[in-house]
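Single-letter residue listing:
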Amino acid sequence: MEKKMDGLGFEYLLLRIFECGMKESILRYLTKEEIAELKKALVDKSSLYGISVNKEGKLTVVLYKGDDPAGLASANTFNNCKRDKISFLKTKTVVAYAIATANSLITNRCNDLRDPEDYRLMDKYLEDVFNAKDCDTLFKTLVDYKSNFLGRFKDCFCPEY
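Residues numbered from 1 in each chain as written. Predicted model: local features only at pLDDT ≥ 70, side-chain atom pairs only at ≥ 80, totals over all residues. Heavy atoms only, no water.

## Some thoughts on helix α6 (residues 135–148)
Formally: In DSSP terms, a helix is any run of H or I states spanning at least four residues, a strand is any run of E spanning at least two, and both are numbered starting from the N terminus. The span expected for a helix works out to 1.5 Å for each residue beyond the first. Residue burial is assigned from relative accessible area. The probe radius is 1.4 Å, only protein chains are included, and a residue is buried under 20% of its type maximum, exposed over 50%, and partly exposed in between. In this description, one arc is meant: the one made by directions from the helix axis to the C-beta atoms. We call two residues in contact whenever any of their non-hydrogen atoms come within 4.5 Å of each other. Throughout this description, a polar contact denotes any pair of N or O atoms lying within 3.5 Å of each other; where both atoms belong to protein, one of them has to be capable of donating a hydrogen while the other can accept it, and for residues adjacent in sequence the pair is counted only when both atoms sit in side chains.
The end-to-end C-alpha distance of α6, which contains 14 residues, comes to 20 Å, matching closely the 20 Å that a straight helix rising 1.5 Å per residue would cover. Taken as a whole, α6 has its buried residues at Cys135, Leu138, Phe139, Thr141, Leu142 and Tyr145. Viewed end-on, α6 has its buried residues packed into an arc of 160 degrees, placing them on one side of the element. Buried-residue contacts for α6 involve α1 (7–20), α3 (75–80), α4 (85–109) and α5 (116–131). The N-cap of α6, judged by a side-chain oxygen 3.2 Å from the amide nitrogen of Asp136 a few residues on, is Asp134.

## Some details on the state of the cysteines
Stated formally: Here, a disulfide means two cysteine sulfur atoms that sit within 2.5 Å of each other.
The final tally for this structure, using the stated rule, is one disulfide. Between the sulfur atoms of Cys81 and its disulfide mate Cys135 the distance is 1.9 Å. The sign of the S-S torsion, about -100 degrees, decides the handedness of the disulfide formed by Cys81 and Cys135: left-handed. Pair noted here: Cys81 is in the loop between α3 and α4 and Cys135 is in helix α6, with a separation of 54 residues, a long-range link. Accessibility classification places Cys81 together with Cys135 in one group, the buried group.

Following this line, the structure appears as C-alpha cells:
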C-alpha cells in the first residue's frame, strides 16, 4: 500500500533537502536545558519547524522556515495544489528546485556516483516533474525520488537523512 503524503510531510521533506545544502552543519551536542528550550519552541511553528535529538543529545534536525527563501516548501502550497493553478505551478516549481538542489549536492559530494544510469535518473526525475499534469503525479514523483533514489546517497548527501 502506497503511503500518502500529507502537507507537513511534504514541507518537512522539501525543507530537509534545502537544509542539507547549508554549508555549515547545525549538528552539535546540546545541554538538557537547550533540548527542553527547543522542544518548548516547537509550539511556535512560525519560528521552528522540527527537531530531532538522539539519546546522546545530538541535535539532528532544526528546520527554520527561512531554509526555503521563496517560501514555497510549505504545507499550504501542498494543500492548495489541487485547488488552483497558481498553487499547482508553485508546487511544481519547488519540487523541481528541491530535486535539482539534491542532484547538485549528490553530484558534488558523492564519490561513488559513477554509474551513468544515476545521471540519467536525475534528469528523468526532473523531466517527470516538468511534465506532471496534476498534483498527484508531482507527489508520487517526489516520494519515488526520496525512496528509490535519494536514499541510496544518504551517507554523502545528508548525514542522518
